[in-house]
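# Structural overview for review
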Amino acid sequence: MDTAAIKGTSTLDHCQVHAGSYLVYPQESGNEANVISLPKNKELALLILNEPIPSDRYNLLERVWNRANYRVCVDGGGNQLYNFGDYHNVLDKFVPNAIVGDLDSLRKTPRSYYEKQGAAVCNYSDQNSTDFMKGLLYIDTVLRAGKDSQDCIVVVFGGLGGRLDHTMHTLKVLFNNHLKRQIIVISESNLTFVLPSGKNKILTNKSVDGPTCGILPLAGETKLTTRGLRWNLDNHPSSFEGLMSTSNIVDEPEIYIETTLPVAWTCEFTPLK
């Protein structure tokens, strides 16, 4: 385990709150102050990248799909949604607003099917941006033209499995966008998003989150103070080359993280059946 067990002493008041999995699985505790759901002034966009959607994720995809205001497949993500819909015999239930990208991976059959169902197919030929970036651009300039990007939470399926260079680019997009919008990536095993510099509170849902988690200092050497983890830190340096809190354990429903630079929070995620 590459982490340190140091007792935290500083307070972490006035934190930025991150709902994480509660955006997918809102829970009512009987106390109105603890009812967590999508803020009324926020919209939700679903981006499906070119990574297989596990067949046992039907309930998860349906839940996010129904909560989303916008649904976009990114190039070969159209193939993945088509494969998933065909497997479950529900092709007509999951028709995206659009398929965007350079379209070098999109197969003819999914393209033809979704076009006939009314989905837009948009070819962005710019090779200086990736299909993930083009998906965000389409949401900003077409589906939400004239609206503030901070008012739309983006949930991404895929992007943190498969090729390592694709995984690293997904993380880069998260860091480059973290002040502009909230992006949550759901991969086969994890739920991941970026915490900005400063004080943060993460609300965890024990029915789907954990137990293992990690804090990835990919923006450079930061100093971390944490509470609520099995092995906490107190103003401790953390970097890619030095100490990095991986394989840590979620011990409390609320995790407090203070950081001098943005960091990626990643936690095991097991969708409800």
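Residues numbered from 1 in each chain as written. Predicted model: local features only at pLDDT ≥ 70, side-chain atom pairs only at ≥ 80, totals over all residues. Heavy atoms only, no water.

### A short note on the UniProt feature "domain: Thiamin pyrophosphokinase thiamin-binding" (unreviewed entry) in the chain
With numbering matched to this structure, UniProt assigns "domain: Thiamin pyrophosphokinase thiamin-binding" (unreviewed entry) to residues 198–263. Helix makes up 0% of residues 198–263 and strand 53%, and the two end C-alpha atoms of the span are 10 Å apart. (UniProt positions renumbered as here; feature names shortened; annotations may be inferred. Helix = DSSP H or I, 4+ residues; strand = E, 2+ residues; numbered from the N terminus.)

### Quick look at helix H1 (residues 58–67)
Along H1, the positions that sit buried rather than exposed are Tyr-58, Leu-60, Leu-61, Val-64 and Trp-65. Projected onto a plane normal to the axis of H1, the buried residues spread over an arc of 165 degrees and lie on a single side. Where H1 is buried, its residues contact strand E2 (43–48), strand E3 (70–74), helix H2 (77–87), strand E6 (152–157), strand E7 (183–186) and strand E15 (263–269). (Buried < 20%, exposed > 50% of the residue type's maximum accessible area, 1.4 Å probe, protein only. Arc of directions from axis to C-beta. Contact = heavy atoms within 4.5 Å.)

### Focus: the sheet that holds strand E9 (residues 198–203)
Across the sheet, 5 strands lie side by side as E1-E9-E14-E11-E12; this open sheet has mixed pairing. Of all strands in the sheet, those bounded by a partner on one side alone are strand E1 (16–18) and strand E12 (236–238). Along the sheet, successive strands turn relative to each other by an average axial angle of 35 degrees, direction set aside. One ladder, built from 4 bridges, connects strand E11 (residues 222–227) with strand E14 (residues 254–259); its direction is antiparallel. (Pairing = 2+ DSSP bridges. Axes fitted to C-alpha atoms, helices over the stretch in contact; angles between N-to-C directions.)

### Some words on the sheet that holds strand E5 (residues 120–123)
Within the open sheet, the 10 strands sit side by side as E5-E4-E3-E2-E6-E7-E8-E15-E10-E13. Their pairing is mixed. Each edge of the open sheet carries a strand with a single partner, namely E5 and strand E13 (245–249). Direction aside, neighbouring strands of the sheet carry axes that sit 20 degrees apart on average. In terms of strand pairing, E2 meets E3 through 4 bridges, oriented parallel. Each residue of the ladder has a partner; that of Ala-45, found in E3, is Tyr-70. In this fold helix H4 (residues 131–143) packs onto E2, E3, strand E4 (98–101), E5, E6 and E7, with an angle of close to 150 degrees to the strand it touches most, E3.

### Things to note about the packing of aromatic side chains
By the definition in use, this model includes 8 aromatic pairs. Taken together, a centroid distance of 6.3 Å and an interplanar angle of 35 degrees make the contact between Tyr-25 and Phe-269 tilted. Taken together, the residues Tyr-25 in the loop between E1 and E2 and Phe-269 in strand E15 connect sequence positions 244 residues apart. Judged by its relative accessible area of 5%, Tyr-25 is buried. Judged by its relative accessible area of 3%, Phe-269 falls in the buried class. Seen in terms of ring centroids, Phe-84 and Phe-94 are 6.4 Å apart; in terms of plane orientation they differ by 65 degrees. Their pairing is edge-to-face. One end of the pair, Phe-84, is in helix H2; the other, Phe-94, is in the loop between H2 and E4, with 10 residues separating them in the sequence. (Phe/Tyr/Trp six-rings, centres within 6.5 Å; stacked < 30°, edge-to-face > 60°.)

### Focus on the environment of Ile-255
The topology assignment puts Ile-255 in strand E14. For the pair formed by Ile-255 and Leu-106, sequence separation is 149 residues and the distance between their alpha carbons is 40 Å.

### Focus on the confidence of the model for the chain
Looking at the chain, the pLDDT average stands at 88 and 90% of residues meet or exceed 70. The low-confidence segment residues 1–10 (pLDDT under 50) makes 32 contacts with residues lying over four places distant or belonging to another chain. Below pLDDT 50 for its whole length, residues 28–36 participates in 9 contacts with residues either more than four positions away or in separate chains. (pLDDT = per-residue confidence, 0-100.)

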